[in-house]
Amino acid sequence: MKFSAAHFVAFRGFREPLHGHNYSVGVRAGGPAIQADGYLADFGDLKKVARKACKALNSRTLVPMKSDVLQIRRSESNGGQLEIICEGGAVMVLP
């Protein structure tokens, strides 16, 4: 399973340009007991959940919401777009 998304890394004194990657997804499952059929879980169910997550992330921008160098807010005056104010004053606006 795969998805494509844009992102950037930002920390004090550094911010890379917005760019994208193709991500491959793997799933690791664990649990307290094996079911009567000898399996831990229905792998079809696990695949459905992973595919749903990939679909939700595909063609999106991943934003570090807990960054100490970014201010992130919804714009009241810009149709609810996401505004990312970076250290140094650069601003990114996302739909």
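Residues numbered from 1 in each chain as written. Predicted model: local features only at pLDDT ≥ 70, side-chain atom pairs only at ≥ 80, totals over all residues. Heavy atoms only, no water.

**Concerning the sheet that holds strand β1 (residues 2-7)**
Line of reasoning, step 1. Judged by pairing direction, the sheet is mixed, and its three strands sit side by side in the order β4-β1-β5 without closing on themselves. This sheet does not close on itself; its edge strands, each paired only once, are β4 (19-24) and β5 (60-62). The sheet shows a mean angle of 45° between the axes of neighbouring strands, taken without regard to direction.
Line of reasoning, step 2. On top of the sheet, helix α1 (residues 43-57) reaches β1 and β5; it is set at about 35° to β1, its chief contact. (Pairing = 2+ DSSP bridges. Helix = DSSP H or I, 4+ residues; strand = E, 2+ residues; numbered from the N terminus. Axes fitted to C-alpha atoms, helices over the stretch in contact; angles between N-to-C directions. Contact = heavy atoms within 4.5 Å.)

**Quick word on α1**
Line of reasoning, step 1. With 15 residues, α1 extends 21 Å from end C-alpha to end C-alpha; this agrees with the ideal 21 Å at 1.5 Å per step.
Line of reasoning, step 2. Two or three places before Gly44, at the start of α1, stands the capping residue Asp42, its side-chain oxygen 2.8 Å from that residue's backbone nitrogen.
Line of reasoning, step 3. Of the residues flanking the end of α1, it is Ser59, one or two places downstream, whose phi is positive at about 60°. (Expected span 1.5 Å × (residues − 1). Polar contact = N/O pair within 3.5 Å; in protein donor to acceptor, adjacent residues only side chain to side chain.)

**Concerning the nonpolar core**
Line of reasoning, step 1. Judged by nonpolar contacts, Phe8, Ala10, Val63, Val69, Leu70, Leu82, Ile84, Cys86, Met92 and Leu94 together constitute the single largest core of ten residues.
Line of reasoning, step 2. Those elements that provide at least two residues to this core are β7 (82-86) and β8 (91-94).
Line of reasoning, step 3. Per element, the largest residue contribution to this core is three residues, and it comes from β7.
Line of reasoning, step 4. The residues contacting Ala10, other than those within four sequence positions of it, are Arg15, Ser67, Val69 and Leu70. (Core = buried A, V, L, I, M, F, W, Y, C linked by side-chain atoms within 4.5 Å. Buried < 20%, exposed > 50% of the residue type's maximum accessible area, 1.4 Å probe, protein only.)

**Describing the sheet that holds β8**
Line of reasoning, step 1. With respect to topology, three strands assemble into an open sheet ordered β6-β7-β8, the strand pairing being antiparallel. With partners counted over all chains shown, the strands left at the sheet margins are β6 (70-74) and β8, one partner each. On average, each strand axis in the sheet is tilted by 15° relative to the strand beside it, whichever way the strands run.

**A word on the pairing of β1**
Line of reasoning, step 1. As defined by bridge partners, β1 adjoins β4 across six bridges and the pair is classed as antiparallel. Counted as the bridge partner of Ala5 is His21 from β4.
Line of reasoning, step 2. Across three bridges, the pairing between β1 and β5 is parallel. When the sheet's bridge partners are listed, Ala5 is paired in β5 with Arg60.

**Brief notes about the side chain of Glu83**
Line of reasoning, step 1. Considering the arrangement of structural elements, one finds Glu83 in strand β7.
Line of reasoning, step 2. Looking at Glu83, its side chain comes within polar contact range of the side chain of Ser75, at 3.4 Å.
Line of reasoning, step 3. Beyond its immediate chain neighbours, meaning those up to four positions away, Glu83 contacts Gln71, Ile72, Arg73, Ser75, Met92 and Val93.

**Observations concerning the side chain of Glu16**
Line of reasoning, step 1. Summarising the element assignment, Glu16 is placed in the loop between β3 (14-15) and β4.
Line of reasoning, step 2. Nearest to the buried, unbridged Glu16 among oppositely charged side chains is Arg15, at 9.4 Å.
Line of reasoning, step 3. Discounting chain neighbours no more than four positions away, the residues touching Glu16 are His7, Phe8 and Val9. (Lys, Arg positive; Asp, Glu negative; His and termini not counted. Salt bridge = Lys/Arg side-chain N within 4 Å of Asp/Glu carboxyl O.)

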